[in-house]
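# Per-entry structural report
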Protein chains: 4
Amino acid sequence: MPLLIQGGRIITPNDDFVADIYCEDQTITRIEQGIDAGSLPKDTQIVDARGKLVFPGFIDPHVHIHLPFMGTHAKDDYESASKAALAGGTTTLIEMICPGPSDEPMSAFREWASLAEGRAAVDYSFHMAVVRFDELAQRQLRAIVHDEGIASFKVFLAYKGALNLNDSDLFGLLAMARELGVIVTAHCENADTIAAMQARLIADGKTGPEWHEPSRPTIVEAEGMRRITTFAELTGAHVYGVHTSCSEAVYEAVKARLRGVRVWIEAVVPHLVLDKTCAEKPNFEGAKFVMSPPLREKRHQQALWNAIRGGDIATIGTDHAPFDFNGQKDMGKADFTKIPNGVPSIQERVALVYTHGVCAGRIDLQTFVDACSTQAARIFGMYPKKGAIGVGSDADLVVWDPEWRGKLSKEHSYSKTDYCAYEGWDVQGRASVVTVRGEVQARDGKFVGNIGRGELIRRKPTHF
Amino acid sequence: MPLLIQGGRIITPNDDFVADIYCEDQTITRIEQGIDAGSLPKDTQIVDARGKLVFPGFIDPHVHIHLPFMGTHAKDDYESASKAALAGGTTTLIEMICPGPSDEPMSAFREWASLAEGRAAVDYSFHMAVVRFDELAQRQLRAIVHDEGIASFKVFLAYKGALNLNDSDLFGLLAMARELGVIVTAHCENADTIAAMQARLIADGKTGPEWHEPSRPTIVEAEGMRRITTFAELTGAHVYGVHTSCSEAVYEAVKARLRGVRVWIEAVVPHLVLDKTCAEKPNFEGAKFVMSPPLREKRHQQALWNAIRGGDIATIGTDHAPFDFNGQKDMGKADFTKIPNGVPSIQERVALVYTHGVCAGRIDLQTFVDACSTQAARIFGMYPKKGAIGVGSDADLVVWDPEWRGKLSKEHSYSKTDYCAYEGWDVQGRASVVTVRGEVQARDGKFVGNIGRGELIRRKPTHF
Amino acid sequence: MPLLIQGGRIITPNDDFVADIYCEDQTITRIEQGIDAGSLPKDTQIVDARGKLVFPGFIDPHVHIHLPFMGTHAKDDYESASKAALAGGTTTLIEMICPGPSDEPMSAFREWASLAEGRAAVDYSFHMAVVRFDELAQRQLRAIVHDEGIASFKVFLAYKGALNLNDSDLFGLLAMARELGVIVTAHCENADTIAAMQARLIADGKTGPEWHEPSRPTIVEAEGMRRITTFAELTGAHVYGVHTSCSEAVYEAVKARLRGVRVWIEAVVPHLVLDKTCAEKPNFEGAKFVMSPPLREKRHQQALWNAIRGGDIATIGTDHAPFDFNGQKDMGKADFTKIPNGVPSIQERVALVYTHGVCAGRIDLQTFVDACSTQAARIFGMYPKKGAIGVGSDADLVVWDPEWRGKLSKEHSYSKTDYCAYEGWDVQGRASVVTVRGEVQARDGKFVGNIGRGELIRRKPTHF
Amino acid sequence: MPLLIQGGRIITPNDDFVADIYCEDQTITRIEQGIDAGSLPKDTQIVDARGKLVFPGFIDPHVHIHLPFMGTHAKDDYESASKAALAGGTTTLIEMICPGPSDEPMSAFREWASLAEGRAAVDYSFHMAVVRFDELAQRQLRAIVHDEGIASFKVFLAYKGALNLNDSDLFGLLAMARELGVIVTAHCENADTIAAMQARLIADGKTGPEWHEPSRPTIVEAEGMRRITTFAELTGAHVYGVHTSCSEAVYEAVKARLRGVRVWIEAVVPHLVLDKTCAEKPNFEGAKFVMSPPLREKRHQQALWNAIRGGDIATIGTDHAPFDFNGQKDMGKADFTKIPNGVPSIQERVALVYTHGVCAGRIDLQTFVDACSTQAARIFGMYPKKGAIGVGSDADLVVWDPEWRGKLSKEHSYSKTDYCAYEGWDVQGRASVVTVRGEVQARDGKFVGNIGRGELIRRKPTHF
């Protein structure tokens, strides 16, 4: 069904103008002022966007859906995650494939892909986590890149014994990534120091969620960023620091970039609006806010916003990792290291960034759309199919009502977790209409689309 | 006369696609694949761009044309500068208005404006240099912003006794700029230290052009950048460091940006491809390469390229300041401090950046066009009229032959100076066709347009 | 009268041993274990130091006594200041000579010297503040160095219109200091920005003492440190940053040192133990804590202690500048910029550093004595006459009771100001016996000596 | 036999005075002017030191003697090393105990200790390298500290598969060291990256010694320093970066120190006077200069000297590791990774630092003696027994002829290696007389003492 979006103010990283957008066959085919609706096919669906903003569909580059972690599984599936994403304005996500240490990469890829297939309502791709690097793994990783359209790896300097890759394999992987033109996304915390510090805290009886942050302080993250950028400098690989939470780590990455290292930085929304006092809430409620890197002292928020505004941080994702408070988070009641990590945010991201970024005067609309959509598309090889409003681009569009005001709450959330980390928070702005390849999938915060419409985006390596 | 550019590969900071561009009434009106030429007005001029790149017209944000300096005048006028700019692919320039210490700002503005009016073939604007800041000056500066469409100031921390503004006035100016939403461009070298060091060198008989660099080492520039960014942090003003020549100064600006300071960095092409050994050439030939900040040790080139690639340096200009070797530069034969400063580069800039940046693998096409065109338009309030290829934008377009190879030389230069600083240098790539608002002004390195076509671009403050 | 100090634990920057010290003719003549008192002259005064520490007399390198400032005069004279110093364990001080902008240096020197002569009970020297740098001033400054035994200058980047030296004169002075081997001590805050910010705050009705810190934030001090070290790098002069209050300024100095700049850093005791909340005390009581650089956020205290422990900060002084709360500080009741600056600390310094440094485990005894005595002697050309316990050194000794506990208060203070900034604070440790050149001048916190015993220390330049 | 050293100019970190030194029973018992030789025991040996400098015996904190490495053994034994050390003015050394990965620490300690016992002519101690950290190792390490008088550990971030400790064990060791008050000396290069880069270079046919430096660039060392200081910050352990070779690594350590980390830096003499071009000498001669970290670009020399002068680098050692050019270094003829690492310097160190440091005006005499003697004694728990000239200190003294000029050469070297890395170099200054606990062991560059006189120095932990 053709689609005409009329009279919206179109916002991209470089543009700000009023025009009509006409979409046919899943793509944008015309962007003009005053398209005569009468001349269009009869069945054209018309969206009135006057007084509203029109953004390219938002992209979340850091999502967990299927996630076996600490002996349990994250709660969402592609259906719930898709609905949540779309309700919030996100039309594309990239999920992490997180195999166990002895799993074969290809079978992990197949498992994750099969869980998405037919159940997604957003378009999606995967980062392939590399947790082993023997010859078989290397062969399969190459196949995953060449044959399956996966153009990004993920490595963990953290999570010793589970996901952590040793320095030797890390170097080898980066060298291979360089050769393949694949970007390596990295969780930059030092696994061994965290393990040791956690053991010490637990031994000292410091078992509550408020001890999670002290068990992995900012210098641990800065050391990780230093290490990954050193390895990138030595191998020439392009790297991407996920969920960077503190000024020290940003600073390490920026210094590396000035030395010539190809490094991009991601922030995630919890670090922008929450702080470590959340994890100190009484009655174990702090567990809702346990994620890694942890929520930091409040002053880091402004440092991250500064870096977003200046272009030093490229993208804003979520690290959505949905675990219930009851039954999952409380596995760590006696030991914070057993709390499944994650602050579900996939539905709330865009509204939170709009409210605390744009409305608060910290960033402008161009930076907002760049960080929440376009940069992810560019870095991960999906541009201009995604992240753009241009003739030929996928008709993934968000008509945004900048004046809407409301509250976030579990009640309106599609994620299956039993809590909303932002319960009762005021937000401004909402996606009035969200389309995926020309089809309306959400309206006014409600999913109205088709499960199964989402497709795997096959990406080509671009990081040469 | 309507214009159709057919089949070019369109490159903007975010785009890379093949399409036709149709221009009417000075602006771009259609960007589509396969525009039927037969359906267009008869008099439509058709440019075959197949196999070529199409860029938005390049912008040089840092040019001197009328320049009384050290008792002489720069050689170019708007006619020669326009021809040189256009032959090289530059369709818009911003000239510095440099009044003397006791001139009234408004009369300086009028003088500079009158010299451009009717004689420019490129579009142009001005940065208003502020060399006095008494009440009359303040009043006139406000009028220049509000009534004359000038949205950027220039300050000199250097050139003591001539252009230098003291700290107190500098603070006041930045506070006023903040209020007006005007960006302040700044020459960041410490005037007093340079004056003192030059006096010492001359007294020691160190009089040749090779002593120019030692008289103003990198720490002097870094200190200047530190100072201007400190003042920007205190006032909230937005600042722009012109012709940043060394890694130390870049580093100061980036650190400030991470603290939240709104600061942009400009490089100029001489610092990217020349180094301090040029100024050490025998027989006073080094004088051709005397500019300020001076040409640096070669290692700074890579640092600047790294910063361009990473987006830390926003723009690449020229600081075009044309003085003859014979009769002007040689005023400083016995005393390097008397050598008029400048390395004419307005015609050569785009080809040099394309050759040493894109072809050498240092930056990609997107970064190239961003740094040489789009960023200048955005920062200085001309976007998307300039710096963009979009419906409604001015039809300033460059059809670029990426395969052309040739040499730079005085012989092909339109600047009136008696030498070319890049004599005999090989370059790759040339502007085949250059249009200003839909009219072809240059072809294959030759000016073919109309003197007088250029217009003053009236800009509005955007730095709030 | 000969003096024997028996059985003390002798502490110097390098030593820690138990021995007897015998002094004759104002100097230490023997340091041995088990000196037989019976073999000594009959009139030998014997001090039992068993169980006590023996330090070289403490030196305060940054004191104001005669201080015309903001239209009034500091309250102390050499008699009161000497008593306060000695009661606290300080046997040598260096006072700033602060002439007015049009005073001749030599007459200022004579004025200050005459006020000390015959009235000091401690030994003393002067830093010569340079507030003008014309030819006459230069000539007199040279004479002050060569003929009067003054081997250190003081410059103010702050206090515009009163004490501030412009960049050109600053450069000239540093060049002269380099030639003379004289170290330049510097107050590193940017005068012009402070003046502008203060004007703005006052205009906004922000007139209370709590606005003093925001009117001169840490970046202003860091910029000053950057500037003075840049100038030092260019001239080769040796510089000394007085009363450095924040981590940013320390960091600038350390970076400069690694570049090869000869720079030393001084902290003063108020910045180590007080913070900006002091200046926010209600009922104008904050005025008692107005000094410049201002008291900072608490986190800077630890940064300063770290730097003392690591040797990055060389000395701990006071910036003693005594103004009454009633009648002087309250001149600024309606305008904080009119509050005379200063937190009197000369008597309290040693006990505060011992309590909050040594007893709190932040620094060891060696670092304590180095920072509070020896380094000042070395840097300012008084070593080993002062700052040492060695044969031939002046018999300036402090027998310290490490177990004594008491409170600081106005009641026990010799300074003439009407308040004690540390009223009621608990301290540990006290000078049991204090000698100046072999004569006991204080006991158990009481002055017991002779006014007039103090001598001017004639110093020779050592900074070549 | 009592000893009197007459009329020398005594230099320590804090002192510079002329006096006589009288020694009895191995220690200094009197330091006075004009000791009457007639009043001394008849058999007193008298050394005329007039016109000469007298230093405390120099200490080399980083020496290899017994060194099984890469399948061969370093050439020296305690006899040859002692003679070389003493001839150069070094009276105390600390040797590394380097067990194999499966050796028990205690048996390694006994092996190394037995090789020294009875064969040393200098006093000596050991750093205990920790290359395994299982429970047995932990128990034995505690015993080595408590029972054997070893108060320093050594860890290798480099030498993967041989000496390298993983992050987890490193953290555990630092935590134990913190508890024991033992300082941890660390070789800071990242083992895995070096292994990977070396494999790549060799595979590319880059096999000569000139490739040694590129296989372990400065960022690898900086990353190592960053890591060890991060771990020190987390555990509170005191660390000491050995043979720091580049400005980047110094900078990391200094930044850590300002954050409060207890970290000291050692430089070694080859990095101060040699550079990477040495390893590029033709005909495999470069192999003589292969050590790790490698010799760097020349600019790092000045950075290291700056850091010594400013006190940022505490000590200057050698990393003496003596391998023959013929028969050992040439094991790596076809593969630079097989070249045994080391540049023998134990005999040459003091003269080289005196010549290139003091005589070249880079450091003063106080800094010289501090870096080459006193600091090592203080950091490693031997002060004031060693490193001092004071009553009660060991009578380890060097009478230094500051005017002597000569050349370094294999001919005058006591080390058993078949080459001198400084062959033919001019030096100024020589040890005229060298005593160990009051007994003359060397004169005018010749060993004249007793093998076997040297004793193991039992040290107590001081790093609490």
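Computed from a predicted model, the values in this text were never measured in an experiment. (Residues numbered from 1 in each chain as written. Chains lettered and ligands numbered in written order. Predicted model: local features only at pLDDT ≥ 70, side-chain atom pairs only at ≥ 80, totals over all residues. Heavy atoms only, no water.)

## Notes on the domain arrangement of chain A
Residues and elements named next belong to chain A. Split by domain assignment, chain A resolves into domain 1 (3–55 + 393–406 + 426–447) and domain 2 (57–379). Taking the mean C-alpha position of each, domain 1 and domain 2 sit 31 Å from one another. Opposite the 28 residues of domain 1 that make contact, domain 2 presents 23 residues. Both faces combined, the contact of domain 1 with domain 2 buries some 2,000 Å², and carbon together with sulfur accounts for 67% of it. Considering only the side of domain 1, the residues that lose the most area to domain 2 are Pro13, Phe55 and Phe447, jointly responsible for 28% of the buried surface there. Our count for the domain 1 to domain 2 interface comes out at one salt bridge. Among the ionic pairs, Arg437 bridges to Asp123, the shortest N-O distance being 2.5 Å. Seen at the junction of domain 1 and domain 2, the total is five residue pairs in polar contact (both at pLDDT 80 or more). Put simply, the parts of the chain that give the side of domain 1 that touches domain 2 at least two residues each are β1 (3–11), β5 (53–56), β16 (397–407), β17 (426–436) and β18 (439–443). Among the elements that line the side of domain 1 that touches domain 2, the one with the most residues is β17, at eight residues. (Domains from an automatic or database assignment. Contact = heavy atoms within 4.5 Å. Buried area = accessible area lost by both parts, 1.4 Å probe. Salt bridge = Lys/Arg side-chain N within 4 Å of Asp/Glu carboxyl O. Polar contact = N/O pair within 3.5 Å; in protein donor to acceptor, adjacent residues only side chain to side chain. Helix = DSSP H or I, 4+ residues; strand = E, 2+ residues; numbered from the N terminus.)

## Points about the interface of chain A and chain D
On the chain D side, the residues contacting the 26 residues of chain A number 26 residues. Both sides together, the interface formed by chain A and chain D hides about 2,100 Å², and carbon and sulfur atoms give 64% of it. On the chain A side of the contact with chain D, A:Ile219, A:Arg226 and A:Leu234 bury the most area, a combined 28% of that side's loss. Linking chain A to chain D there are six salt bridges. D:Arg227 is the salt-bridge partner of A:Asp167, the closest N and O atoms lying 3.4 Å from each other. For the pair chain A and chain D, the interface holds ten residue pairs in polar contact (both at pLDDT 80 or more). Looking at the side of chain A that touches chain D, the elements with two or more residues in it are α4 (167–180), α5 (191–203), α6 (218–235) and α7 (247–259) of chain A. Class assignment of the residues belonging to the side of chain A that touches chain D gives a composition of ten nonpolar, five polar and eleven charged. (Nonpolar A, V, L, I, M, F, W, Y, C, P; charged D, E, K, R; others polar.)

## Quick look at the relation of the copies chain D and chain C
Each copy of the sequence occupies a distinct position, and chain D is placed on chain C by a rotation of 180 degrees and an axial shift of 0.0 Å, giving an RMSD of 0.0 Å. The transformation just described matches what one would write down for a two-fold rotation axis. Take the interface residues of chain D: 100% of them recur as interface residues in chain C, which is what a same-surface contact looks like. (Least-squares fit on C-alpha atoms with pLDDT ≥ 70 in both.)

## Regarding the pairing of strand β17 (residues 426–436) of chain B
All names here are of chain B. A large share of β17 lies buried, amounting to nine of its eleven residues. As paired strands, β17 and strand β18 (residues 439–443) are joined by four bridges and run antiparallel to one another. Residue pairing for β18: Val436 is matched across the bridge by Glu439. Between the antiparallel neighbours β17 and β18 lie two residues, among them Arg437 with a positive phi of about 45 degrees. (Buried < 20%, exposed > 50% of the residue type's maximum accessible area, 1.4 Å probe, protein only. Pairing = 2+ DSSP bridges.)

## Some words on the side chain of A:Asn306
Positionally, A:Asn306 belongs in helix α9 (residues 299–309). Exposure remark for A:Asn306: the relative accessible area of 7% places this residue in the buried category. Filtering out sequence-adjacent residues up to four positions away, A:Asn306 remains in contact with B:Arg257, B:Leu258, B:Arg259 and B:Gly260.

## Notes on the relation of the copies chain A and chain D
Each copy of the sequence occupies a distinct position, and chain A is placed on chain D by a rotation of 180 degrees and an axial shift of 0.0 Å, giving an RMSD of 0.0 Å. A shared interface surface links the copies, since 100% of the contact residues of chain A are contact residues in chain D too.

## Examining the sheet that holds strand β14 (residues 263–268) of chain A
All names here are of chain A. If you trace the eight strands from one edge of the open sheet to the other, you get β6-β9-β10-β11-β12-β13-β14-β15, paired in parallel fashion. Looking at the sheet topology across the chains shown, the edges are occupied by β6 (58–63) and β15 (315–317). Across the sheet, the mean angle separating the axes of adjacent strands is 30 degrees when strand polarity is ignored. Bridge count between strand β9 (residues 90–97) and strand β10 (residues 123–129): six bridges; the pairing is parallel. Opposite Glu95, over in β10, you have Phe126 as the bridge partner. Here helix α10 (residues 349–359) sits on the sheet in contact with β6, β9 and β15, set at roughly 110 degrees to β6. (Axes fitted to C-alpha atoms, helices over the stretch in contact; angles between N-to-C directions.)

## Observations regarding the pairing of β17(A)
As paired elements, β16(A) and β17(A) share eight bridges and run antiparallel to each other. Paired with A:Val399 across the bridge in β17(A) is A:Val433.

## What to know about the interface of chain D and chain C
At the interface, 21 residues of chain D touch 21 residues of chain C. Interface of chain D and chain C: buried area, both sides summed, is about 2,000 Å²; carbon and sulfur atoms make up 44% of it. Of all residues in chain D, D:Asn14, D:Leu258 and D:Arg309 give up the largest surface area on contact with chain C, accounting jointly for 32% of the area buried on that side. Measuring nitrogen to oxygen at the nearest pair gives 2.5 Å for the salt bridge that ties C:Arg257 to D:Asp312. Of all the elements in the fold, those that place two or more residues in the side of chain D that touches chain C are α7 (247–259), α9 (299–309) and α11 (365–379) of chain D.

## Quick look at the arrangement of the chains
Separated without contact, chain A and chain C have their nearest C-alpha atoms at a distance of 13 Å. At their nearest point, the C-alpha atoms of chain B and chain D are still 13 Å apart, with no contact between the two.

## Details of the packing of helix α7 (residues 247–259) of chain C against helix α9 (residues 299–309) of chain C
Residues and elements named next belong to chain C. Contact pair α7 / α9: the axes reach a minimum separation of 9 Å and the direction vectors enclose 30 degrees. Between α7 and α9, the angle is such that the two are roughly parallel. Of the residues in α9, those touching α7 at Ser247, Glu248 and Val250 are Arg299, His300, Ala303, Leu304 and Ala307. Of the residues in the contact of α7 with α9, the class split is four nonpolar, two polar and two charged. (Parallel < 35°, antiparallel > 145°, perpendicular 65-115°, else oblique.)

## Considerations on unusual backbone geometry
For the bond from B:Tyr383 to B:Pro384, the omega torsion is 0 degrees, close enough to zero to count as cis. Examined against the element boundaries, B:Pro384 turns out to sit in the loop between α11 (365–379) and β16 (397–407). Residue C:Pro293 is bonded to the preceding C:Ser292 through a cis peptide linkage, with omega at -10 degrees. With respect to the element layout, C:Pro293 can be found in the loop between α8 (269–273) and α9. Phi at B:Asp444 is positive, roughly 50 degrees, even though this residue is not glycine. With respect to the secondary-structure elements, B:Asp444 resides in the loop between β18 and β19 (446–447).

## Let's talk about the packing of aromatic side chains
In the structure shown here, the tally under the stated rule is 60 aromatic pairs over all chains. Ring geometry for D:Tyr422 against D:Trp425: centres 5.4 Å apart, planes inclined by 85 degrees, an arrangement best described as edge-to-face. Looking at D:Trp425, the relative accessible area reads 24%, which means it is partly exposed. Joined through ring pairs, the aromatic side chains of A:Phe55, A:Phe58, A:Tyr354, A:Phe368 and A:Trp400 make up one cluster. Just above the ring of C:Tyr383 sits the side chain of C:Arg378; from NZ or CZ to the centre is 5.2 Å. (Phe/Tyr/Trp six-rings, centres within 6.5 Å; stacked < 30°, edge-to-face > 60°. Lys NZ or Arg CZ within 6 Å of the ring centre and 35° of its normal.)

## Remarks on the sheet that holds strand β6 (residues 58–63) of chain C
All names here are of chain C. A sheet is described by the order of its strands in space; here eight strands give the open sequence β6-β9-β10-β11-β12-β13-β14-β15, paired in parallel fashion. Lying at the two open borders of the sheet, with one neighbouring strand each, are β6 and β15 (315–317). Within the sheet, the average angular offset between the axes of one strand and its neighbour, ignoring direction, is 30 degrees. Here strand β14 (residues 263–268) pairs with β15 via three bridges, running parallel.

## Brief notes about the packing of α10(A) against helix α11 (residues 365–379) of chain A
Residue and element names in this part refer to chain A. Following both chains from N to C, one finds α10 and α11 inclined at 150 degrees, their axes separated by 11 Å at the closest point. It follows from the interaxial angle that α10 and α11 lie roughly antiparallel. Viewed along their axes, α10 and α11 form a crossing whose handedness is right-handed. Side by side, α10 and α11 meet where Arg349, Val350, Val353, Tyr354 and Val358 of the first sit next to Leu365, Phe368 and Cys372 of the second. (Left-handed = near helix turned anticlockwise from the far one by under 90°.)

## Points about the nonpolar core
If you look at the biggest cluster of nonpolar residues, it comprises 262 residues, and the most contacted ones within it are C:Phe153, C:Phe368, D:Phe153 and D:Phe368. Formed by 261 residues, the second largest nonpolar core is a distinct cluster that contains A:Ala113, A:Leu201, A:Met225 and A:Phe231. (Core = buried A, V, L, I, M, F, W, Y, C linked by side-chain atoms within 4.5 Å.)

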